[in-house]
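The primary structure of each chain is shown beneath.
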Amino acid sequence: MRKRSAKLPQKAGKKERAVCGKNSAKTSLTNGPISVIIRALHLLTQCITAPMSKTLREYHLAFIAALKKKKKATSTLLAYGKDVEQLVEELETQRITNPSQVAQEHIETFAQNLKDKRYTDKSIVRKMNSMKAFFSFLHEEGVVERNPVSSVERPKYENAAPRILTKVEYRA
């Protein structure tokens, strides 16, 4: 019985390019079973090292999953989730869906829009802290080079001194 040798073209075909989204490097290997394995490993390496282009919304979900994995409080998950979702929706109206497109100016505009909608300074600061945590997550994941929120100035606010209850209020 004769062994069949597997044939593989020297250049990657359309299907191979579609798998990982970029052209394959040319190889001068001879055709045969070993070259098929080498070619497959080469294509797999390209696909693994090819940058993933997720949207802000997809990274938002990954961020919430990472917070859950760190066993953050439910209230933290809800607050951070809503705050970041609000930012993502605002950026999508500006057709910004890639995290690397977000600049300091976008964050400042978002904060100003919150102020115009009469959000309190304390709420704006909380939302900015949520965004800072989100972009720190993206930085740790290697998605963005720097955190656009870290250099944005936050509004100042003072906590009111605690009010002491009267005897009547205490007993009620």
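Residue numbers here run from 1 along each chain, matching the order of that chain's written sequence. Given that the model is predicted, a residue must reach a pLDDT of at least 70 before its local features are reported, and side-chain atom pairs must reach 80 or more before they are shown or counted; all residues, however, enter totals for whole chains, interfaces and linings. Excluding hydrogens and water, the side-chain values take into account all heavy atoms of the structure.

Asker: For this particular structure, what's the right way to read unusual backbone geometry?
Answerer: The phi angle of most residues is negative, glycine excepted, and most peptide bonds adopt the trans form. In this structure, Lys71 is a non-glycine residue whose phi angle is positive, near 60 degrees. Throughout, exposure labels follow a simple rule: accessible area from a 1.4 Å probe, protein chains only, divided by the maximum for the residue type, with under 20% read as buried, over 50% as exposed, and the rest as partly exposed. When its relative accessible area of 75% is taken as the criterion, Lys71 is described as exposed. One non-glycine residue with positive phi stands out, namely Arg95, at about 65 degrees. Runs of E in the DSSP output that reach at least two residues are strands. Runs of H or I that reach at least four are helices, and both are numbered from the N terminus. Positionally, Arg95 belongs in the loop between helix 4 (74-93) and helix 5 (104-116). Owing to a relative accessible area of 72%, Arg95 belongs among the exposed residues under this scheme.

Asker: I tried to follow the confidence of the model for the chain on my own but got confused; where do I start?
Answerer: When pLDDT drops low, the exact placement of atoms in the prediction is not to be read closely. Scored by pLDDT, the chain has a mean of 78; 69% of the residues are at 70 or more. Predicted confidence is poor over residues 1-29, with pLDDT under 50, and the contacts of this stretch with residues over four places away or in other chains come to 41 contacts. Per-residue confidence from the predictor is reported as pLDDT, a score between 0 and 100. Whether two residues are in contact is decided by their heavy atoms, any of which lying within 4.5 Å being enough.

Asker: Is there a simple way to think about the packing of aromatic side chains in this case?
Answerer: What characterises a pair of aromatic rings is the spacing of the ring centres plus the angle enclosed by the ring planes. In this scheme Phe, Tyr and Trp rings, the latter by its six-membered ring, pair at centre separations within 6.5 Å, and the angle between planes marks the pair as stacked below 30 degrees, edge-to-face above 60, and tilted otherwise. This structure, assessed with the given rule, holds 4 aromatic pairs. When the centroid spacing of 6.3 Å and the interplanar angle of 10 degrees are considered together, the rings of Phe63 and Tyr80 count as stacked. Of this pair, Phe63 sits in helix 3 (residues 56-69) while Tyr80 is found in helix 4, placing the two residues 17 residues apart along the sequence. Look at Tyr80 and you get partly exposed, because its relative accessible area is 22%. With 5.4 Å between their ring centres and 70 degrees between their planes, Phe63 and Phe134 make a pair best called edge-to-face. Note that Phe63 is positioned in helix 3 and Phe134 in helix 6 (residues 121-140), a separation of 71 residues in sequence. By the ring-pair criterion, three or more aromatic residues cluster together here, those being Phe63, Tyr80, Phe134, Phe135 and Phe137.

Asker: Can you help me understand the nonpolar core in this one?
Answerer: Within soluble globular proteins, side chains that are nonpolar tend to cluster in buried spots. Within the largest apolar cluster, 26 residues are counted, with the highest numbers of intra-cluster contacts made by Ile107, Phe134 and Phe135. Listing elements by their share of this core, those giving two or more residues are helix 3, helix 4, helix 5 and helix 6. Residue contributions to this core peak at 7 residues, all from helix 6. Ignoring anything within four residues of it in the chain, the contact list for Ile107 reads Leu87, Val102, Met128, Met131, Phe135, Pro148, Val149 and Val152. Working definition of a nonpolar core: buried Ala, Val, Leu, Ile, Met, Phe, Trp, Tyr and Cys residues. They are joined through side-chain atoms within 4.5 Å.

Asker: Sorry, what's going on with the pattern of salt bridges here?
Answerer: Once the charged atoms of two side chains with opposite charge are near each other, the side chains can pair. Within this document, salt bridges are pairs made up of a side-chain nitrogen of Lys or Arg and a carboxyl oxygen of Asp or Glu, the two lying within 4 Å of each other. Throughout the structure, instances matching the rule amount to 5 salt bridges. Close ionic contact of Arg126 with Asp83 constitutes a salt bridge, the shortest N to O distance being 2.8 Å. Of the two residues, Arg126 is situated in helix 6 and Asp83 in helix 4; the sequence distance between them amounts to 43 residues. Residue class for Asp83 comes out buried when judged on its relative accessible area of 1%.

Asker: Would you take a moment to explain the packing of helix 3 against helix 4 for this structure?
Answerer: Pairs of packed helices are described in terms of their axes, by the angle between the two and the distance that separates them. The convention used is that axes are lines fitted to C-alpha atoms, helices contributing only their stretch in contact, and that angles between N-to-C directions extend from 0 to 180 degrees. Packing of helix 3 against helix 4 leaves a shortest axis separation of 10 Å and a crossing angle of 170 degrees. Judged by the inter-axis angle, helix 3 sits roughly antiparallel to helix 4. Every residue of helix 4 that contacts helix 3 at Leu56, Arg57, His60, Phe63, Ile64, Leu67 and Lys68 is listed here: Leu77, Tyr80, Gly81, Val84, Glu85, Val88, Glu89, Leu91 and Glu92. Partitioned by chemical class, the residues of the contact of helix 3 with helix 4 number 9 nonpolar, 2 polar and 5 charged. In this scheme, roughly parallel covers angles under 35 degrees and roughly antiparallel covers those over 145, while 65 to 115 is roughly perpendicular and the rest are oblique. Under the scheme applied, nonpolar residues are Ala, Val, Leu, Ile, Met, Phe, Trp, Tyr, Cys and Pro; charged residues are Asp, Glu, Lys and Arg; polar residues are all the others, including Gly.

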